[in-house]
Amino acid sequence: AVVSTQSTGDGELIFHQHEQWGTMIGDVLEVLAMGATGVWAGLCAEGAAMGHADSCTTILNLIRLGNKKVQKKFNCKHLRDAAINVTKVVTGLPPAPRQPIYGERAIDMVFGFVFSGIADDATLYTEGFDLAAFLGLEKTLRISNMANPEMILEKLKVTFGDDPQFTMKIANEMKSQMLANTRDGRKEEYNSQAGLAMLFDQAGGKLTPTMAEVVTQATHNTQHINDIIEEIKEDWEVWDLKDGVDDDQITFDHFYKGFMAPYFGCYRCEDSQVALRCLDMDSDGMIDWFEFKTFLVWAGRQYPKVKGKQELLDNAFRHGLIPAMKDELDKMKADLKAADENHGNGVGDH
């Protein structure tokens, strides 16, 4: 379509493409590269016939290719939510899970892109844009036995809001309870709402109404979730026996083939290796059943209405492991930056 201004003779070359052979976004990018000045498109791909090349996917691809002008012109961090909402209004349903960029499974490969910030010169492409934030992956505070009382207190407030009981005193008690649980051989999960509330209760706190509600719901569904986890454990044992030893440990390679492959592109990719390191809590080069079960228990408590093992696995990976990967990647980038700064200041030089 050509939009002309008769008074000046200037015009715009606007491109619109429908889907048929799976090339529509590539075609749009090629036409833009050859001189077209814009696209005529809706936020989502819904449209006549098989749909069309939507502006949400087009704009993110322009960012991926290094175009910073669209970041300044559009509020890109809200484009994905807008595309999801428009799809729901038009069809009455959420986008197809495998819909690029704004489908549910779009977050599975977030760390396979240069956006992860690990690839060489990644900042040349991603400066001022956080793909994880664009996909709705908020940074979460995760606590373990290594967490200090300040982190525990912050986790309480972020999760349940302000309350007079949330003080450094109770945070210290919760830290002590975590250590006591470890000494007693109790391997607990503290990052779900229910897990954190239970720890608060064990440490002497009085459950708030919100805490009591999430604990009640989690307790009510405990047997249902346990049954699903047992089904997953049966799959685990098949892979556990691959090395001839039934020891509740499997190799990275077997864990990838048995559980991770649907969510990560390849075993040796950087994103897959980061995910495996997140699960390998004791850094022994193996995945322990407890290490994996921690994410499953978290998912069961956080999403207690799951219907089966695939849904529980989806929640454990997408909402538990992948955000944990973001934490690990942020730490890696911070370490690299600190190392570069130290090197620039001559620290460690002889």
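Structural data are supplied above this passage.
First, a word on what this report is: a plain description of the structure on this page. Quick caveat: nothing in here was measured; it's all calculated off a predicted structure. (Residues numbered from 1 in each chain as written. Predicted model: local features only at pLDDT ≥ 70, side-chain atom pairs only at ≥ 80, totals over all residues. Heavy atoms only, no water.)

Right, let's get into helix H2 (residues 55-64). Burial of H2 is extensive: nine of the 10 residues sit out of reach of the surface. The residue sitting at the N-terminus of H2 and contributing the capping side-chain oxygen is Asp-54; that oxygen lies 3.3 Å from the backbone nitrogen of Cys-56. One or two positions beyond H2, positive phi appears at Gly-66, with a value near 105 degrees. (Buried < 20%, exposed > 50% of the residue type's maximum accessible area, 1.4 Å probe, protein only. Helix = DSSP H or I, 4+ residues; strand = E, 2+ residues; numbered from the N terminus. Polar contact = N/O pair within 3.5 Å; in protein donor to acceptor, adjacent residues only side chain to side chain.)

The next thing to look at is a nonpolar patch on the surface. A cluster of nonpolar residues, Val-86, Val-89 and Val-90, forms a patch on the protein surface that exposes about 280 Å² of accessible area. Relative to the helices and strands, Val-90 resides in helix H4 (residues 79-91). (Patch = residues over 30% accessible without salt bridge, like charges linked within 9 Å, V, L, I, M, F, W, Y side chains within 5 Å. Areas by Shrake-Rupley, 256 points an atom, 1.4 Å probe, with all protein chains shown as cover. Salt bridge = Lys/Arg side-chain N within 4 Å of Asp/Glu carboxyl O.)

Further remarks concern a negative patch on the surface. A grouping of Asp-227, Glu-230, Glu-231 and Glu-234 is seen on the molecular surface, where their side chains present a negatively charged patch. Inspection of the secondary structure assignment puts Asp-227 in helix H11 (residues 222-240). (Lys, Arg positive; Asp, Glu negative; His and termini not counted. Charge placed at Lys NZ, Arg CZ, Asp CG, Glu CD.)

This brings us to the environment of Asn-172. Relative to the elements of secondary structure, Asn-172 occurs in helix H8 (residues 168-183). For Asn-172, a relative accessible area of 38% gives the class partly exposed. In sequence terms Asn-172 and Ala-203 are 31 residues apart; their C-alpha atoms lie 8.9 Å from each other. Polar side-chain contacts of Asn-172 include one of 2.8 Å to the backbone oxygen of Met-168.

Attention now goes to the nonpolar core. In terms of nonpolar packing, the biggest core is built from 34 residues, with Ile-232, Phe-255, Phe-259, Phe-264, Ile-287, Phe-292 and Phe-317 touching the most fellow members. Those elements that place two or more of their residues in this core are H11, helix H12 (252-260), helix H13 (270-279), helix H14 (289-302) and helix H15 (309-344). (Core = buried A, V, L, I, M, F, W, Y, C linked by side-chain atoms within 4.5 Å.)

What follows concerns the side chain of Asp-54. Within the fold, Asp-54 resides in the loop between strand S3 (38-39) and H2. One buried charge, Asp-54, has no salt-bridge partner; the nearest side chain with opposite charge is Arg-80, at 10 Å. Within the structure, the side chain of Asp-54 is placed 3.3 Å from the backbone nitrogen of Cys-56, a separation counted as a polar contact. The residues contacting Asp-54, other than those within four sequence positions of it, are Ile-25, Ala-41, Gly-42, Leu-43, Cys-44, Ala-45, Gln-99 and Tyr-102. (Contact = heavy atoms within 4.5 Å.)

Per the stated rule, a full pass over the model turns up five salt bridges. For Arg-301, the salt bridge identified is with Glu-189, shortest N-O distance 2.8 Å. Within this pair, whereas Arg-301 is found in helix H14, its partner Glu-189 is found in the loop between H8 and helix H9 (193-202), the two being separated by 112 residues in sequence. Each member of the pair, Arg-301 together with Glu-189, is buried. For Lys-309, the salt bridge goes to Asp-235, with nearest N and O atoms at 2.8 Å.

What follows is about the pairing of strand S2 (residues 11-15). Direction of pairing for S2 relative to S3: parallel, over a ladder of two bridges. Looking across to S3, one finds that Phe-15 is bridged to Val-39. Where the polypeptide runs from S2 across helix H1 (residues 24-33) and back to S3, its parallel neighbour, the crossover connection is right-handed. (Pairing = 2+ DSSP bridges. Right-handed = clockwise from strand over helix to strand, strands pointing away.)

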